[in-house]
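Observations on the model geometry
Residues per chain, in single letters:
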Amino acid sequence: MALHSSDNRHLGVSPFGSVMTDGYSLDLGLDQAGIFSKSARKTTQKGLKALSTFEGIDKAFEKIAILYGSKKTNSRTGSDKSSRTVDFALNQIKHVGISHPKQKEQKVDYWRVGWDGVHDETSLKFTKGQTVELSMTLGGTPVGFFNSSPFYTVKVPISIPNEDGFGPCGELGGLCDPVDCREHTLKLVKDLNDTVLPSIGSLGPYLEAWPIFSEPDNSGKKIVYKQWCLDYCGFGGTHELSAVSAQYPGVKIARDTMSGRFSLFAPEDYTPAPFKQTHASILKGCEDCPAGYDTIDGGFVYAIALEDDGEDKTSVVSGLPNAVASSVIKTGQDYGVGHYIVVLSKKLKAEDEKTFVTANPTATLLAVGTKDAFCKNADIVETAWVECSQCSATEATYRILIPDDCKGSRLEELKEAYPDLTITQVSSQNCVSLFETKVMTDFSCVEGCSPAIIEQVFKSEAPKPFGVNRYWFPAPSAKSEAKDVKCGFEIKAKPVILSASECTIEDLPFIATSIRIVSLAGGYPMDYSLNNMIPEGQWSILQLERAQDLDNLGGNLRGWEQRGTFYFRNEKPWKTVVERELTGTQTKLDNLTQYSDLFVTVEGSNKAGINDKEYTYITYHILVPYGRTSDLEKVFQNLAGAAGLPFEVK
């Protein structure tokens, strides 16, 4: 800390940026901030007067203070006092302002290797008999998950067979013939994605690689998927994923950890219907239901079963005496018998039950309990999905050999064993039949700037074995001849998030970052014979994006909050989760939310020193979620103006 820097004190975290602009300090709400006058003539039995403007205040003599509403408990476990600054005059204010997050989007290391998309000479080139290597050094916090040192180097070799049967390139006095670069680029990318890390699995959770070609190999059938995004964030809980998934059976739904946004992946001919949401019903605790809600009276609940042959007979059930309007619900169907429940405002009399059964001979009635009145909201809120990206996969071809003992084809037998697959017979000779089917590969939403074959890059799963020791195997793909094809690949890191809950917040660190690609090189030959002493063929490396983590995240501000609550309210940071629950002292920070910092620096009491006077400064902070600061900003801007200072925006 510099000699004349200020002491930093954190008043609190305001989840909604609430500020008191009128009234008195004893009415200051929880997590609400306010600026109050200490003038005796403005003080009442309700406390200090809240200020929103500062006209008529003497800059040198009238004292003011900033108060922040804390937990209102007067016991051994808490305090009934609000957090507050020292008293200060307007002329003692030195700085007023706000510091916003600087990085609004999480960025990761993103590199292109080989063909840069512009210059033909940057394409990856492979020759027969050649062995080259990709070397990539990784750094950053995630490396500590699987390695004892802060850096880890991944090396992926690639060997090109010498199909002519001769020695290494150059041994016969001339370079071997170039080969189609696509096949070996695909193998290199696949080997990189499948690289095994020490004790933790593959590179998959940390980065992804994919090929880029000037002319893709079209031997595989490309299947296009669309990615649809939904900006409905619900309550932020993981259960919301179930609520959305339930409306789209058979479709893949995912949720982004950072943004809370939902993603839906489906074939390009599928358009998802809007997500429908209704407000929850509430118990009728008042004489009238809130606006927008209908009253559903309580009463006695009866379960009714009657033969309806699949038709909806709610109108029949609602004919029971004293049936509450809109209370009949069909709960299920058991072959020809329908099951219903109904609420009656009065118990069903024996003669009324006999009359109903006489009219409906197949009906049975059972009293199952009582139900309180409640308020129901019938409004349905629809949120449309927005197409936000495209993904793709291919149909991977698998084959199987089945002996038929020369008794004819076993195609029908195979179809019966695999009802979800389309199986065709390729050949039948020498009492052995060859069959073929197609399955989907894993799909990817990241393919670079040009389409690429991914059949060999992304994994597919073979159908289960047929019988005993009859396995499906990948069919050889037909190679398309291509000259002057440009090849390359891209590597992009993935965000790595470790966000602890309140229960584990003291035991687990908060991490929101990505692995760093510290260095990247490839193309050097691994053959160090006399013919290859001088390294040649280094691959072109182009950086497309540089990693930049989000700043001012709640998880990274936890220490500030703890120091503030310890200083102002004597809340010990080492309390157990049970103690925090009982005393209401849980963190108010959301780990993955970005916060703005409103600050005021004031001059403390001056005292004599070796240089005549010594100045002390204190900076008070209030943390508010980014985008919710407008009300507080307005009051703090007025404060800066009254002090004759610029409102600083950092």
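See above for the structure.
Read on for a plain summary of the structure. Quick caveat, the model's predicted, so the values are computed rather than measured.

**Description of the side chain of Arg569**
Assignment of secondary structure puts Arg569 in helix α6 (residues 558–569). Within the structure, the side chain of Arg569 is placed 2.9 Å from the side chain of Ser83, a separation counted as a polar contact. Those residues in contact with Arg569, other than ones at most four positions away along the chain, are Leu11, Ser70, Ser83 and Gly564.

**Concerning a negative patch on the surface**
Side chains of Asp120, Glu121, Glu215 and Asp484 sit close together on the surface and give a patch of like negative charge. Looking at the element boundaries, Glu121 is found in the loop between β8 (110–114) and β9 (131–139).

**Considerations on the state of the cysteines**
Such a bond, covalent and formed between the sulfur atoms of two cysteines, is termed a disulfide. Inspection of the entire model under this criterion finds two disulfides. Between the sulfur atoms of Cys229 and its disulfide partner Cys388 the distance amounts to 2.0 Å. Where Cys229 bonds to Cys388 through sulfur, the torsion about that S-S bond is close to 70°, and the disulfide is right-handed. Remark: Cys388 occurs in strand β26 (residues 386–403) and Cys229 occurs in strand β14 (residues 222–230); sequence separation between them is 159 residues. On the basis of relative accessibility, which here comes to 6%, the residue Cys229 falls in the buried class. Given a relative accessible area of 36%, Cys388 falls into the partly exposed group.

**Looking at helix α8 (residues 630–642)**
Between the first and last C-alpha of α8 there are 18 Å, a value that for 13 residues agrees with the 18 Å anticipated at 1.5 Å per step. Within the span of α8, buried status applies to Leu632, Glu633, Val635, Phe636, Leu639, Ala640 and Ala642. Gly644, located one to two residues past α8, shows a positive phi value of around 75°.

**Side note on the nonpolar core**
Met136, Leu138, Leu192, Phe489, Ile491 and Trp539 are the most contacted members of the largest nonpolar core, which totals 37 residues. Of all the secondary-structure elements, those providing two or more residues to this core are β8, β9, β10 (152–159), α1 (181–193), β13 (207–213), β30 (487–493) and β33 (516–525). No other element matches the five residues that α1 contributes to this core. Residues in contact with Trp539, not counting those within four places in the same chain, are Val113, Leu124, Phe126, Val132, Glu133, Leu134, Leu188, Phe489, Gly522 and Gly523. Within the second largest apolar cluster, 30 residues are counted, among which are Phe54, Ile57, Ile66 and Ile618.

**Some words on the environment of Ala266**
Here Ala266 shows up in strand β16 (residues 262–267). Counting along the chain gives 14 residues from Ala266 to Lys252, while the straight-line C-alpha distance between them is 7.2 Å. Sequence-distant contacts of Ala266, defined by excluding residues within four places in its chain, comprise Tyr225, Lys226 and Val251.

**Details of the sheet that holds β30**
The strand order across the open sheet formed by four strands is β13-β30-β8-β34, and the pairing between neighbours is antiparallel. Of all the strands in the sheet, just β13 and β34 (541–545) have a single pairing partner and so form its edges. Adjacent strand axes in the sheet meet at a mean angle of 20°, parallel and antiparallel pairs treated alike. Sheet topology places β8 next to β30; five bridges connect them, and they run antiparallel. Bridging from a neighbouring strand, Val113 pairs with Phe489 of β30. Docked against the sheet, α1 engages β13 and β30, running at close to 175° with respect to β13.

**Some words on a nonpolar patch on the surface**
Among the surface-exposed residues, Leu401, Val432 and Phe473 lie close enough to one another that they form a single nonpolar patch of about 220 Å² accessible area. Checked against the element boundaries, Phe473 lands in strand β29 (residues 473–474). Classification of Phe473 as partly exposed rests on a relative accessible area of 33%.

**Things to note about the packing of aromatic side chains**
Working definition: an aromatic ring pair is given by the centre-to-centre distance plus the angle between the planes. All told, the structure shown has nine aromatic pairs when counted by the stated rule. Where Tyr567 meets Phe568, the ring centres are 4.9 Å apart and the plane angle is 85°; that geometry is what we call edge-to-face. With a relative accessible area of 48%, Tyr567 lands in the partly exposed category. A network of ring pairs unites the aromatic residues Phe126, Phe489 and Trp539 as a single cluster.

Calculation criteria
- Residues numbered from 1 in each chain as written.
- Predicted model: local features only at pLDDT ≥ 70, side-chain atom pairs only at ≥ 80, totals over all residues.
- Heavy atoms only, no water.
- Helix = DSSP H or I, 4+ residues; strand = E, 2+ residues; numbered from the N terminus.
- Polar contact = N/O pair within 3.5 Å; in protein donor to acceptor, adjacent residues only side chain to side chain.
- Contact = heavy atoms within 4.5 Å.
- Patch = residues over 30% accessible without salt bridge, like charges linked within 9 Å, V, L, I, M, F, W, Y side chains within 5 Å.
- Areas by Shrake-Rupley, 256 points an atom, 1.4 Å probe, with all protein chains shown as cover.
- Salt bridge = Lys/Arg side-chain N within 4 Å of Asp/Glu carboxyl O.
- Lys, Arg positive; Asp, Glu negative; His and termini not counted.
- Charge placed at Lys NZ, Arg CZ, Asp CG, Glu CD.
- Disulfide = S-S within 2.5 Å.
- Buried < 20%, exposed > 50% of the residue type's maximum accessible area, 1.4 Å probe, protein only.
- Expected span 1.5 Å × (residues − 1).
- Core = buried A, V, L, I, M, F, W, Y, C linked by side-chain atoms within 4.5 Å.
- Pairing = 2+ DSSP bridges.
- Axes fitted to C-alpha atoms, helices over the stretch in contact; angles between N-to-C directions.
- Phe/Tyr/Trp six-rings, centres within 6.5 Å; stacked < 30°, edge-to-face > 60°.

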